[in-house]
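Here is what each chain is made of, one letter per residue.
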Amino acid sequence: MSQSTGFYPSVRVDSAGTGVVSQAGGLILAETVRVSGIGAGLSAGLEAWRKPFARHDPAKIITDLALSLATGGDCISDIDRLRTQPDVYGPVASDPTISRLVTTVSTIKPAKVLSAVNAARAAARAHVWAAAGDHSPLHGVSTENPLTVDLDATLVNSHSEKEKARPTWKRGFGFHPLASFLDHGPEGTGEPLAVLQRPGNAGSNTAADHITVVRDSLKQLPVGYRSGRKVMIRTDSAGGTHEFLNWLTARHRNLGYSVGFPIHGAVEAVLPRIPKKAWARAYNSDGIERNGAWVADITAMLDLGSWPAGMRVIVRKEEPHPGAQLRITDIDGMRYTAFATNQKRGQLADLEVRHRLRARCEDRIRNAKDTGLQNLPLHSFAANTFWCHLVMLAAELTAWTQMLAFHGTKARRWEPKKLRARIFEIAGKISTHARKLILHLAAAAPDTGLLIKGLERIRALSPP
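Predicted, not measured: the structure shown is a model, and the values here were computed from it.

### Description of the side chain of Glu 352
- One can find Glu 352 in helix H11 (residues 348-356).
- A distance of 3.1 Å separates polar atoms of two side chains, one belonging to Glu 352 and the other to Arg 316.
- Discounting chain neighbours no more than four positions away, the residues touching Glu 352 are Ala 282, Val 295, Arg 316 and Phe 339.

### Things to note about the pairing of strand E15 (residues 436-441)
- Strand direction decides the pairing type here: strand E14 (residues 428-433) and E15, joined by 6 bridges, are antiparallel. Considered in E15, the bridge of Thr 432 is made with Leu 437.
- Counting the residues that bridge the hairpin from E14 to E15 gives 2 residues, and of these Ala 434 lies at a positive phi of roughly 55 degrees.

### Comments concerning the nonpolar core
- In terms of nonpolar packing, the biggest core is built from 121 residues, with Val 214, Ile 233, Phe 244, Leu 248 and Met 311 touching the most fellow members.
- Residue contributions to this core peak at 15 residues, all from helix H13 (residues 381-405).
- Ignoring sequence-local partners within four residues, the contact set of Val 214 consists of Leu 151, Ile 233, Phe 244, Trp 247, Leu 248 and Leu 255.
- Core analysis: the next-biggest nonpolar cluster, separate from the first, contains 7 residues, Ala 282, Ala 293, Val 295 and Leu 348 among them.

### Remarks on the pairing of strand E12 (residues 312-318)
- Of all 7 residues in E12, 7 are buried, a share of seventy percent or more.
- Of the strand pairs in this sheet, strand E11 (residues 289-297) and E12 are connected by 5 bridges, and their pairing is antiparallel. Each bridged residue has a counterpart across the sheet, and for Ala 293 the counterpart in E12 is Glu 318.
- With 7 bridges connecting them, E12 and strand E13 (residues 335-341) associate as antiparallel partners. By the bridge assignment, Glu 318 is partnered in E13 with Arg 335.

Rules used in this analysis
Residues numbered from 1 in each chain as written. Predicted model: local features only at pLDDT ≥ 70, side-chain atom pairs only at ≥ 80, totals over all residues. Heavy atoms only, no water. Helix = DSSP H or I, 4+ residues; strand = E, 2+ residues; numbered from the N terminus. Polar contact = N/O pair within 3.5 Å; in protein donor to acceptor, adjacent residues only side chain to side chain. Contact = heavy atoms within 4.5 Å. Pairing = 2+ DSSP bridges. Core = buried A, V, L, I, M, F, W, Y, C linked by side-chain atoms within 4.5 Å. Buried < 20%, exposed > 50% of the residue type's maximum accessible area, 1.4 Å probe, protein only.

Pasting the structure below:
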């Protein structure tokens, strides 16, 4: 009888296993590709870029890259994890074939390629939201409870001289993409809408870039939700510019907004003059009053004649956390922030909580970096722009899977890292019975039942 002298048993190892699928749980992402119609949409939109007699459809290559990123990859070569499992993911193109496609789509009319990709994404999104019903972001949307689109930029470092890589304001070197994400609220994560790849020295408050991203974001929303107060644009103070807010509130758009407002100049001057009775208790995100925090509407104390009509400026003051550094504009030992909005209804505390929840966008950025945005692996700027769109596709496939398969479960709120560890990396074994392939999932995996339930939900839906 063998005896173990360590904490773990001694196991003999060989490489004779056959029919083993190490990432069998990723099958649910492939099912989302089918049900959403994104594969068919990409195939039709990219037909002009498919060479005669080509074995691999460009759409299949793109969705394979997205699945690779969604399951943890961060460069083109990571697609080999799908390639070794053809019974689950089908035939996967070789690395040279993929590289040739990326070169083609980033050099031959790249703007039209991105337009085709984004059109397919928008059509698939509309279908997924319709299939999700009460679990879609459209459920309960109104002017008082609008669709919230968050904008935020992030720095992506580059360790080589890639095209248009530039020094960043944080003394790094790389890129400064600006992206938008739709907030799913407290019951779920969020999904990306648009991304604008930019050099590292791009400005934080460049109104033209914000307008471009919002315009692209609105095209991703279903028809009927591309203008009006049922859509609210939420940003930090980088979006608090005259040009951007004038564009948002143009008559034919009339979008809602909630943007950070700088504490200097006129706002700084009125802070000491705000009456005590004007301050109301602030709320936590759960609607409970927050100790040591207050909000006040100072609109009437400011001259906002040069700003869009209907703007309100709301200030928050809070006792600083231990160790927090006060700014020169902070007074009376309090930390002050402000935001501007054209939301007319709702208590001040509710409006302030809604604006403060834009911090969720930082989670979306972190998740995007964990899904391939952290590493822009290609040299040309156009190719890395295409890569950014692959990241968006991977992130939304994950979000759509959660919406369709895991609503009402704990997995609806899991971030990508946890989804991979608990769902996508569930192993299985392929067998054949009556000429049909059967995937036997690991019975001992803790979330196999959750994965089975999710697959049943998705397979009950029909593609467009």
